[in-house]
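# Per-entry structural report
Residues per chain, in single letters:
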Amino acid sequence: MEGEDPRYVRVVCSKCRAVLHPRVEKAGRQVRCPDCYSPVLVPHPPEPEATPKRRDVGEYSVRDEFAPERSKTADADLFLVLCPKCQARLHPRRQNAGRRARCPDCETVFVIPAPPKPEKVKTLPSPGKYVMGQEPKRAETEFHYLTVEREPEPEPLAPPTRGWFIRGVFTFPWWPGAWARWTILSLLMVPALFMTGIVLWLAGGSVNQGTTAVPYLMLPLMWLWVWALSYAAGSFVAIIEDTGSSNDEVTSWPEGDWRERVLTMLYVGLHLGLALAAGAAVGWLVGLVSEPLWGAVASGMAANLFFPLFLLSSMEAGAMLTPYSPVMFRSLVKTPGGWAIVYAESLISLTLACGLLAVGGYWLPALTVFLAAPVLATVVFIEARLYGRLAWHVGQLETKSNTRKRKKKRD
């Protein structure tokens, strides 16, 4: 498939030997194998091999003694550094120690550590002169026995920074790398909301013979919403994936064929529908023992909890139709504080958005359409950022737990 379509990269799972074909934009990142759910690193596509130049009969190669000597000063100025995420071998200059650098493989930004100090070469004492027929005194040497190689210990994970669920969340839509995508989503929602208002106005019978035009406006209205919601779903999933991989900057924004964004829209819509159904069941149970108003409130609050649980479980399991993951469901018990913070901030953002739209609809009904588009785009970006931070936090706890289990087994 790689030779037929350059948009995909062929990679083989190291565990079950399944052949995967992820998109070339995923190069340098990890994807999950759909058969064994093991993380697989997507390699960069190989560059086309250059055809060797055919030598003429009159050409000849320069002998080694006449070749220019390679500068040893330039090599001494470089030192080896391993990427903290993908362990790629980098060779920065000594003068760049302490500066920020970006890994060319996984694009992780890290601080270049100080270069190692040159090791002192231990010189062995000279055995001295010896005479024929006499056994010389040999210098004592230290013997180093070979050790059995084993799997290297994983690097300890850094503790989460203070304010991890607040810092860079509510201001994320206006970050340098995100504000352009936020603007595009806002502009896509404006015509969809505007035509929706026109259709509702005509369907209400405010204009004579206006209801006859409603069926003709449904098809363009549907296409406008498909364009807006598919781009919103693509941005939503991209923010969750990159943020969940401990990257503050999002690089996998929705690009390319719009049909792939439609599949992402159906994927997000499926789990949103499951969350609404589960929330409706909770609201029905609450309504049986209390007033219907409290049942409606409980339904909305429960759906707001079930949606990230189902969506993150499906993304962690790597299966579109599987809204269950033991890791995510265990995190409800392991880190209830993280879920509570994300749930509270999500309710705050949704409440503020609804309140702002209600005030705008009361005071300026005609301009509510232009106000609703950026508000809804902001909610999409903030919610996705919160879910990505939660996924990163749960992943850290799971990695620490697995590390402790492996250490106990070895001990």
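Residues numbered from 1 in each chain as written. Predicted model: local features only at pLDDT ≥ 70, side-chain atom pairs only at ≥ 80, totals over all residues. Heavy atoms only, no water.

## As for the pattern of salt bridges
Filter applied, for reference: When a carboxyl oxygen of Asp or Glu is within 4 Å of a side-chain nitrogen of Lys or Arg, the pair counts as a salt bridge. Comment: elements are numbered from the N terminus, with helices defined as DSSP H or I runs of at least four residues and strands as E runs of at least two. Each residue is assigned to one of three classes by its accessible area relative to the maximum for its type, calculated with a 1.4 Å probe on protein chains only: buried under 20%, partly exposed between the two thresholds, exposed over 50%.
With the rule as written, the count across this model stands at nine salt bridges. Here Lys26 and Glu241 are joined by a salt bridge, their closest N and O atoms 3.1 Å apart. One end of the pair, Lys26, is in the loop between strand S2 (19-20) and strand S3 (30-32); the other, Glu241, is in helix H3 (residues 214-244), and 215 residues separate them in sequence. What makes Lys26 partly exposed here is its relative accessible area of 23%. Residue class for Glu241 comes out partly exposed when judged on its relative accessible area of 28%. Residues Glu249 and Arg102 are paired through a salt bridge, measuring 3.5 Å at the closest nitrogen-oxygen approach. Of this pair, Glu249 sits in the loop between H3 and helix H4 (258-289) while Arg102 sits in strand S7 (residues 100-102), and the two are 147 residues apart along the sequence.

## What to know about helix H2 (residues 179-203)
Rules: By this rule the span expected of a helix is its residue count minus one, scaled by 1.5 Å. Contact between two residues is taken to exist if any of their heavy atoms lie within 4.5 Å; hydrogens are not considered.
Over its 25 residues, H2 extends 36 Å from the first C-alpha to the last, a length consistent with the 36 Å expected when each residue adds 1.5 Å. For H2, the full list of buried residues reads Arg181, Trp182, Leu185, Ser186, Met189, Ala192, Leu193, Val199 and Leu202. The inward-facing, buried residues of H2 contact H3 and helix H8 (368-410).

## Here we look at the state of the cysteines
Just so we agree on the cut-off: Cysteine sulfur atoms are paired as a disulfide whenever they fall within 2.5 Å.
Counting across every chain of the model gives zero disulfides. A disulfide-free cysteine, Cys33 has its sulfur positioned 3.5 Å from the sulfur of Cys16, the nearest such atom. Judged by relative accessible area, which is 0%, Cys33 ranks as buried.

## Observations concerning the nonpolar core
Put simply, the test is: For the purposes of this section, nonpolar cores are sets of buried Ala, Val, Leu, Ile, Met, Phe, Trp, Tyr and Cys residues that join through side-chain atoms within 4.5 Å.
Counting 48 residues, the largest nonpolar core has Leu185, Phe236, Phe381 and Tyr387 as the members making the most contacts within it. When residues of this core are assigned to their parent elements, the largest contribution, 13 residues, is made by H8. When near neighbours in sequence (up to four residues on either side) are disregarded, Leu185 contacts Ala228, Tyr231, Ala232, Ala377, Val380 and Phe381.

## What to know about the packing of aromatic side chains
Stated formally: Pairing of aromatic side chains here covers Phe, Tyr and the six-membered ring of Trp, requires ring centres within 6.5 Å, and sorts the geometry by plane angle: under 30 degrees stacked, over 60 edge-to-face, intermediate tilted. The rule is short: NZ of Lys or CZ of Arg within 6 Å of the ring centre and within 35 degrees of the ring normal puts a charge over the ring.
Here the structure, examined in full by the defined rule, presents nine aromatic pairs. Centre to centre, the rings of Phe236 and Tyr387 are 5.8 Å apart; their planes meet at 85 degrees, and the pair counts as edge-to-face. Of the two residues, Phe236 sits in helix H3 while Tyr387 sits in helix H8, which places them 151 residues apart along the sequence. Each of the two residues, Phe236 as well as Tyr387, counts as buried. Taken together, the ring pairs connect Phe172, Trp175, Trp253 and Phe381 into an aromatic cluster. Taking NZ or CZ as reference, Arg23 lies 5.5 Å from the ring centre of Tyr8, over its face. Above the plane of the ring of Trp175 lies Arg385, whose end atom (NZ or CZ) is 4.9 Å from the centre.

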